[in-house]
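Residue-level listing of the chains:
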Amino acid sequence: MSEGAAKKEERRKFQAIKGTRDLLPPETALWNRVEQTAHEVFATYGYGEIRTPIFEQTELFARAVGGETDIVSKEMYSFEDYGTDEIPELLEQRTVLLTWQVPPLGTQVFEPFIIHSLNFCKLAASTFNARQIPGSPENQRALQDISAMVEKLKIVYSQGAEESAPVVAQIKERVREVKLGDELSLRPEATASVCRAYVEHGMQQLPQPVKLYCIGPMFRRERPQKGRYRQFHQIDAEVLEVVRREASEHDWEKEVRKDAAIDAEVIEMLMTFFAKLELAGTTLYIHSIGHNGPDCRRAYIGKLYNELLKIKGKLGADSQRRIATNPLRVLDSKLESEQSYIEKLPHMADYLCPSCAAHYASLKRELDLRGVKYDENWRLVRGLDYYMRTTFEITAKGLGSQNAVCGGGRYDGLVELLGGPPTKGIGFAIGEDRLILSLLESGKAPAQQGRDVYIAWMGERANATAIRAAKDLRKAGFSVELPPVEQKFGKALGQADKLGAKYALILGDNEVSSGDWTLKTLADGSQAKFKERDLLEHLRKQRALSS
Ligand code: HAM
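Residues numbered from 1 in each chain as written. Predicted model: local features only at pLDDT ≥ 70, side-chain atom pairs only at ≥ 80, totals over all residues. Heavy atoms only, no water.

Engineer: Any chance you could explain the site of the ligand here in plain terms?
Structural biologist: Neighbouring the ligand are 27 residues, the closest being Glu189, Glu222, Tyr229, Tyr387 and Ala404. Within the side chain of Glu189, an N or O atom sits 2.6 Å from a nitrogen atom of the ligand. Interatomic distance of 3.4 Å between a backbone N/O atom of Gly431 and an oxygen atom of the ligand. Relative to its unbound accessible area of 650 Å², the ligand is 96% covered by the protein chains. Of all the secondary-structure elements, those providing two or more residues to the shell around the ligand are strand 6 (231-242), strand 10 (404-410) and strand 11 (423-431). (Near = heavy atom within 4 Å. Polar contact = N/O pair within 3.5 Å; in protein donor to acceptor, adjacent residues only side chain to side chain. Areas by Shrake-Rupley, 256 points an atom, 1.4 Å probe, with all protein chains shown as cover. Helix = DSSP H or I, 4+ residues; strand = E, 2+ residues; numbered from the N terminus.)

Put into structure tokens, the structure is as follows:
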């Protein structure tokens, strides 16, 4: 690198990674208000806060969200987790093998490579046993393959590099594939983690259902645009209920009514939360996607598939691909040219089995009882595999194409899929970034937080008094700016103005000696003198009057 280029590199400004962003004041005040409102509203419905780690085993998300979904197949931030301190020798052997250069033609010096390969296998096997690296079937197979290839190399290496080079390349490939640590991923969503935690902490022993919520960042490698980020934030809520006994033929209707009432209460809480924030232009869309049985969703998907084949030629490339991979997702298409064909496709509602149909009817009744307005959207399919029966989404104003501010649904069976007991579940996640965007678009921007009092002080004695005054005012909950060095009063008042302070407290030698402090109201320029003990009382009264 030239000197100039090196200097330029040194001066390079770092920027937030694409798809991530800094949240700055005063907007962060709105974030805090939103989260505080969530804490308050959710508490009135009996929810407790859970905080789960931001990374988990990749397998947890793959199983819960679905290996074929966009989230798992394309969007997760995954990494292999191993500590270099734990397996130093194995890492050293691996580096030697991977950086090994096949010797020039004619030479026959493969013995060291063979020795290192065998060492690698031996060390890897012992670290499996010590549980330092995963003893997964894939790893076991890779080691068997490496051993077999080494045996082959032992036979061919004397024939020279030409015969041996491909075998060396194959060994290197397999060595690279040995996983030295667990495959972890940054969480793309929270439901899987909450379900994991429910089982891990034996929450099925608690009074059911268990109601939990969680607020925090999620990560998906999506194409960034307005309202779509790679690190985004969700306010997620889940209701989990272990199934103590299967609903008998006799009481399935009661069970369905109970589940629908739980779903409706979850949705009611969500709409109460949005109403409290005065979120504008919300629409709640609901749908039922039935259950994954041959007499319900599977029958519908079969019918949908056949109908889609008939119009395949009219559909775009994405939808054509989805006919084979996930026909339901075709309903999600926003492509203008496809809309008239998609509108004529069969509806899931006509294929619901009796209990799913009863559940859906019950949900609508329960929402009506609660005065929650909704639109039915037969094309509402969600991008995660775990849903059954109720699905819902909420859109809000001012968000452009990324207008879903919340999505959720029922996921009975998910906990079981993750190794827990049969459990019912329903929940939602609000996209907090989008919620904030929509609030900002409708003029709910918080004002820049000004100071209550700016202390303009001059002189050594005034400094000590100013420090004491700042401490007392702050203790009483006022926001105070205390300049670290003295300033001429004119400059100090200018500064107080710039910071949007309501008052300037003027402390000079005269004020300190007389004990009469000057308080200037910056909005109208009026001034009054106060004794130290009266000042606090005066400010408190003013605060009460203005709130
Ligand atoms: P989701 O529909 O994938 O569902 O995400 C929920 C919400 O998160 C979306 O409606 C959207 O507002 C927001 N969101 C998703 N991706 C992004 C992104 N890249 N940038 C900004 N916001 C985004 C779930 O995550 C489910 N776990 C919801 C759930 C909970 N279902 C049952 N329980």
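Engineer: I keep staring at the nonpolar core and nothing clicks. Help me out?
Structural biologist: In summary, soluble globular proteins display a tendency toward joint burial of nonpolar side chains. In terms of nonpolar packing, the biggest core is built from 92 residues, with Phe42, Phe273, Phe274, Phe428 and Leu435 touching the most fellow members. Counting residues per element, this core draws most heavily on helix 10 (residues 252-276), which supplies ten residues. Counting the residues that make up this core, at least three belong to each of domain 1 (27-73 + 186-291 + 352-441) and domain 3 (297-348). Listed in part, the 27 residues of the second largest apolar core include Leu90, Phe110, Ile146 and Leu153. (Core = buried A, V, L, I, M, F, W, Y, C linked by side-chain atoms within 4.5 Å. Buried < 20%, exposed > 50% of the residue type's maximum accessible area, 1.4 Å probe, protein only. Domains from an automatic or database assignment.)

Engineer: Help me out: how do you make sense of the state of the cysteines in this one?
Structural biologist: Among covalent bonds in proteins, the disulfide is the one between the sulfur atoms of two cysteines. Using the criterion set out here, one finds zero disulfides in the structure. Counting only cysteine sulfurs, Cys214 is the nearest neighbor of Cys406, a cysteine outside any disulfide, at a range of 14 Å. (Disulfide = S-S within 2.5 Å.)

Engineer: Could you clarify how one ought to interpret the environment of Ala429 in this entry?
Structural biologist: Looking at the secondary structure, you find Ala429 in strand 11. Classification of Ala429 by relative accessible area gives buried; the value is 13%. When the C-alpha atoms of Ala429 and Phe232 are compared, they prove to be 12 Å apart, with 197 residues separating the residues in sequence.

Engineer: I keep staring at the packing of helix 2 (residues 27-44) against helix 10 and nothing clicks. Help me out?
Structural biologist: When two helices pack together, their arrangement is given by the angle between the helix axes and the distance between those axes. Contact geometry for helix 2 and helix 10: axes closest at 10 Å, N-to-C directions at 140 degrees. Classified by the angle their axes make, helix 2 and helix 10 are oblique. For helix 2 against helix 10, the interelement crossing comes out right-handed. For the pair helix 2 and helix 10, the contacting residues are Val34, Thr37, Ala38, Glu40, Val41 and Phe42 in the first and Met269, Thr272, Phe273 and Lys276 in the second. Tallied by class, residues from the contact of helix 2 with helix 10 come to six nonpolar, two polar and two charged. (Axes fitted to C-alpha atoms, helices over the stretch in contact; angles between N-to-C directions. Parallel < 35°, antiparallel > 145°, perpendicular 65-115°, else oblique. Left-handed = near helix turned anticlockwise from the far one by under 90°. Contact = heavy atoms within 4.5 Å. Nonpolar A, V, L, I, M, F, W, Y, C, P; charged D, E, K, R; others polar.)

Engineer: Got a minute to help me understand a nonpolar patch on the surface in this structure?
Structural biologist: Side chains of Ile54, Phe55 and Phe79 sit close together on the surface and give an oily, nonpolar patch of about 240 Å² of accessible area. Along the chain, the position of Ile54 falls in the loop between strand 1 (48-49) and strand 2 (55-57). (Patch = residues over 30% accessible without salt bridge, like charges linked within 9 Å, V, L, I, M, F, W, Y side chains within 5 Å. Salt bridge = Lys/Arg side-chain N within 4 Å of Asp/Glu carboxyl O.)

Engineer: Mind showing me how you'd approach the sheet that holds strand 9 (residues 388-395) here?
Structural biologist: Taking strand neighbours across the sheet as the criterion, the eight strands line up as 1-5-6-11-10-9-7-8 in an open arrangement whose pairing is mixed. A single partner strand is all that each edge strand has here, and the edge strands are strand 1 and strand 8 (375-376). Of the strand pairs in this sheet, strand 7 (residues 283-288) and strand 8 are connected by two bridges, and their pairing is parallel. From the neighbouring strand, Ile286 faces strand 8, where its bridge partner is Glu376. (Pairing = 2+ DSSP bridges.)

Engineer: It is not clear to me how unusual backbone geometry should be interpreted in this structure. Could you clarify?
Structural biologist: One can expect most non-glycine residues to show negative phi and most peptide bonds to be in trans. With omega at 5 degrees, the peptide bond leading from Pro25 into Pro26 counts as cis. With respect to the element layout, Pro26 can be found in the loop between helix 1 (3-10) and helix 2. Look at the link from Gln208 to Pro209: it is a cis peptide, with omega at -5 degrees. Inspection of the secondary structure assignment puts Pro209 in the loop between helix 9 (191-200) and strand 5 (210-219).

Engineer: Got a minute to help me understand the domain arrangement of the protein chain in this structure?
Structural biologist: When the parts of a complex come together, some accessible area is lost, and that lost area is often taken as the interface size. Considered domain by domain, the protein chain is made up of domain 1 (27-73 + 186-291 + 352-441), domain 2 (83-180), domain 3 (297-348) and domain 4 (453-546). For domain 1 and domain 4, the distance between their C-alpha centroids amounts to 50 Å.

Engineer: Before we go on, may I ask you to explain the pattern of salt bridges in this structure?
Structural biologist: Two side chains with opposite charge may pair up if their charged atoms get near one another. Taken as a whole and judged by the stated rule, the model has 35 salt bridges. The closest approach of N and O atoms between Glu376 and Lys364, which form a salt bridge, is 3.2 Å. One end of the pair, Glu376, is in strand 8; the other, Lys364, is in helix 14 (residues 354-369), and twelve residues separate them in sequence. Judged by relative accessible area, which is 19%, Lys364 ranks as buried. A salt bridge links Arg540 to Glu537; the shortest N-O distance between them is 3.9 Å. Taken together, the residues Arg540 and Glu537, both in helix 20 (residues 532-546) and three residues apart, mark about one turn of the helix. On the basis of relative accessible area, Arg540 is assigned to the partly exposed category, the value being 37%.

Engineer: Any chance you could explain the sheet that holds strand 4 (residues 182-186) here in plain terms?
Structural biologist: Strand pairing within a sheet occurs via backbone hydrogen bonds; the two strands may be parallel or antiparallel. Taken in spatial order, the three strands line up as 2-4-3 in an open sheet, and their pairing is antiparallel. The open sheet has two edge strands, strand 2 and strand 3 (78-81), and neither has a second partner. Strand-to-strand, the axes of this sheet are offset by a mean angle of 40 degrees, without reference to chain direction. Pairing geometry for strand 2 and strand 4, over three bridges, is antiparallel. Paired with Phe55 across the bridge in strand 4 is Leu186. Along the sheet, helix 3 (residues 58-65) contacts strand 2, strand 3 and strand 4; its crossing angle with strand 2, the most-contacted strand, is approximately 80 degrees.

Engineer: Looking at this model, I keep getting lost on the packing of helix 3 against helix 9. Mind explaining?
Structural biologist: Here helix 3 crosses helix 9 at 105 degrees, and the two axes come no closer than 9 Å. The pairing of helix 3 with helix 9 is recorded here as roughly perpendicular in orientation. Here Leu60, Phe61 and Ala64 of helix 3 lie close against helix 9, whose contacting residues are Ala192, Ser193 and Arg196. Split into classes, the residues belonging to the contact of helix 3 with helix 9 amount to four nonpolar, one polar and one charged.

Engineer: Can you help me understand the pairing of strand 15 (residues 516-521) in this one?
Structural biologist: Within a regular beta strand, the side chains point alternately toward one face of the sheet and then the other, so they alternate between its two faces. Across four bridges, strand 14 (residues 503-507) lies against strand 15 in antiparallel orientation. Within the sheet, the bridge partner assigned to Tyr503 lies in strand 15 and is Thr521. The pairing of strand 15 with strand 16 (residues 527-531) spans five bridges and is antiparallel. From the neighbouring strand, Leu519 faces strand 16, where its bridge partner is Ala528. Hairpin connection, strand 15 to strand 16: the antiparallel pair is bridged by five residues, and Gly525 has positive phi, about 75 degrees.

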